[in-house]
Amino acid sequence: MLIPSIDLQGGRIVQLVQGERLAVESSDIDGWIDRFRGRSKVQLIDLDAARQEGSNDALIRRICPQLPCRVGGGIRSLERARQVLEAGATHVIVGSALFRRDGINLEFARQLREAFGEDRLIAAVDGRGGRVVVNGWRSTVGLTPVDAVRQLEPFFGEFLYTHVDREGLMQGTDMEAITALRAATTRRLTAAGGITTADEIHRLDALGVDAVVGMAIYTGRLDDRML
């Protein structure tokens, strides 16, 4: 399944290359809401909140009632997760707050499950160079994505894996890395990072993996309306 991505920064929809260089920006919020209307899943990420550089709460509250959004970015507490769900999110995506320099914050994962139930929780496991990266992909944790998924599996109904090495480059994703993660968990799995073509989306679907696509849609490289 194709899941279109809406990334928010500074009150706009953006696409960044490698999480840093601005490649696409749009203030046509309603236009993109209309474009993705009818999708069963949309990914909505607050990049400012993820970097602790502000928030786009007003846009989250505007978009979520209109689209079935799984929302991430800056969810570091039970209260923040609750606010996002109350804004209309179908799921919350939790990433950096699950990790410490020396491993995983299992207590926070347990608290999330107890508060909201695993079916509304998605753990974001982002990988660069074979290791988990956090805090806007600026810090590395001494775990492989496979290790992280295995430890977090009891607490989350789904995993979101972003292959940061390919993020925003439109050069294809790493099928081998995604296949290894698919084998590591029985939970639902969604992949992101470099996914560009319909063929890739179909190959991931055959593995039982959903595909998040951003840059290829916003640049016109991929017409999501055909999938």
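Residues numbered from 1 in each chain as written. Predicted model: local features only at pLDDT ≥ 70, side-chain atom pairs only at ≥ 80, totals over all residues. Heavy atoms only, no water.

1. What about the environment of Arg82?
Part 1 of the argument: Among the structural elements, Arg82 can be located in helix 4 (residues 78-86).
Part 2 of the argument: Take Arg82: its relative accessible area is 32%, and that puts it in the partly exposed class.
Part 3 of the argument: C-alpha separation for the pair Arg82 and Leu152, spaced 70 residues apart in sequence, amounts to 20 Å. (Helix = DSSP H or I, 4+ residues; strand = E, 2+ residues; numbered from the N terminus. Buried < 20%, exposed > 50% of the residue type's maximum accessible area, 1.4 Å probe, protein only.)

2. Some words on the nonpolar core
Part 1 of the argument: If you look at the biggest cluster of nonpolar residues, it comprises 67 residues, and the most contacted ones within it are Leu98, Phe99 and Leu152.
Part 2 of the argument: Among all residues touching Phe99, those that are not within four sequence positions of it are Ile104, Asn105, Ala124, Val125, Val132, Val134, Val141, Leu143, Ala148 and Leu152.
Part 3 of the argument: In terms of nonpolar packing, the next biggest core, distinct from the first, is built from eleven residues, Ile3, Val14, Ile45 and Ala124 among them. (Core = buried A, V, L, I, M, F, W, Y, C linked by side-chain atoms within 4.5 Å. Contact = heavy atoms within 4.5 Å.)

3. Some thoughts on the state of the cysteines
In protein structure, a disulfide is the covalent linkage between the sulfur atoms of two cysteines.
Part 1 of the argument: This model, assessed by the stated rule, comprises zero disulfides.
Part 2 of the argument: Here Cys64 is not cross-linked by a disulfide; its sulfur's nearest cysteine counterpart is in Cys69, at 4.5 Å.
Part 3 of the argument: The exposure class assigned to Cys64 is buried, which follows from its relative accessible area of 4%.
Part 4 of the argument: By relative accessible area, which is 0% here, Cys69 ends up buried. (Disulfide = S-S within 2.5 Å.)

4. A closer look at the packing of helix 4 against helix 5 (residues 106-116)
Part 1 of the argument: Look at helix 4 against helix 5: their axes get within 10 Å of each other, and the N-to-C directions meet at 40°. When the axes of helix 4 and helix 5 are compared, the crossing they make is right-handed. The residues of helix 5 that touch helix 4, namely those facing Leu78, Ala81, Arg82 and Leu85, are Phe108, Gln111, Leu112, Ala115 and Phe116.
Part 2 of the argument: Of the residues assigned to the contact of helix 4 with helix 5, the class counts are seven nonpolar, one polar and one charged. (Axes fitted to C-alpha atoms, helices over the stretch in contact; angles between N-to-C directions. Left-handed = near helix turned anticlockwise from the far one by under 90°. Nonpolar A, V, L, I, M, F, W, Y, C, P; charged D, E, K, R; others polar.)

5. A word on empty space enclosed by the protein
Part 1 of the argument: This model, assessed by the stated rule, comprises one cavity of 30 Å³ or more.
Part 2 of the argument: In this structure, the largest cavity spans a volume of roughly 710 Å³.
Part 3 of the argument: Surrounding the largest cavity, 45 residues form its lining, Ile45, Leu47, Asp126, Trp137 and Thr162 being those nearest its centre.
Part 4 of the argument: When the residues that make up the lining of the largest cavity are grouped by side-chain class, the tally is 23 nonpolar, 17 polar and five charged. (1 Å grid on protein atoms, 1.4 Å probe; cavity = no way out; pocket = protein on both sides within 12 Å on 5 of 7 lines; lining within 4 Å. Points joined across faces, edges and corners; volume = space filled by probe spheres on them.)

6. Topic: the packing of aromatic side chains
Part 1 of the argument: Counting across every chain of the model gives three aromatic pairs.
Part 2 of the argument: An angle of 35° between the planes, with centres 5.6 Å apart, marks the rings of Trp32 and Phe36 as tilted. Of the two residues, Trp32 and Phe36 both sit in helix 1 (residues 29-36), four residues apart, roughly one turn of that helix.
Part 3 of the argument: Since its relative accessible area comes to 0%, Phe36 is described here as buried.
Part 4 of the argument: One aromatic cluster is present, formed by Trp32, Phe36 and Tyr218 through successive ring pairs. (Phe/Tyr/Trp six-rings, centres within 6.5 Å; stacked < 30°, edge-to-face > 60°.)

7. Description of the packing of helix 7 (residues 175-184) against helix 8 (residues 198-207)
Part 1 of the argument: Helix 8 packs onto helix 7 with a crossing angle of 20° between their chain directions and a minimal axis gap of 11 Å. Considering their axes alone, helix 7 and helix 8 lie roughly parallel with respect to each other. Between helix 7 and helix 8 lies a crossing of right-handed hand. Along the contact surface, helix 7 presents Met175, Ile178, Thr179 and Arg182, while helix 8 presents Arg203, Leu204 and Leu207.
Part 2 of the argument: Across the contact of helix 7 with helix 8, the residue classes break down as four nonpolar, one polar and two charged. (Parallel < 35°, antiparallel > 145°, perpendicular 65-115°, else oblique.)

8. A look at the pairing of strand 4 (residues 42-46)
Along any regular strand the residues' side chains alternate between the sheet's two faces.
Part 1 of the argument: Of all the five residues making up strand 4, five are buried; the element is thus mostly covered by neighbouring parts of the structure.
Part 2 of the argument: The two faces of strand 4 match: Val42, Leu44 and Asp46 on one face and Gln43 and Ile45 on the other face are all buried.
Part 3 of the argument: Sheet analysis places strand 1 (residues 2-9) next to strand 4, joined by four bridges and oriented parallel. Residue pairing for strand 4: Ser5 is matched across the bridge by Gln43. (Pairing = 2+ DSSP bridges.)

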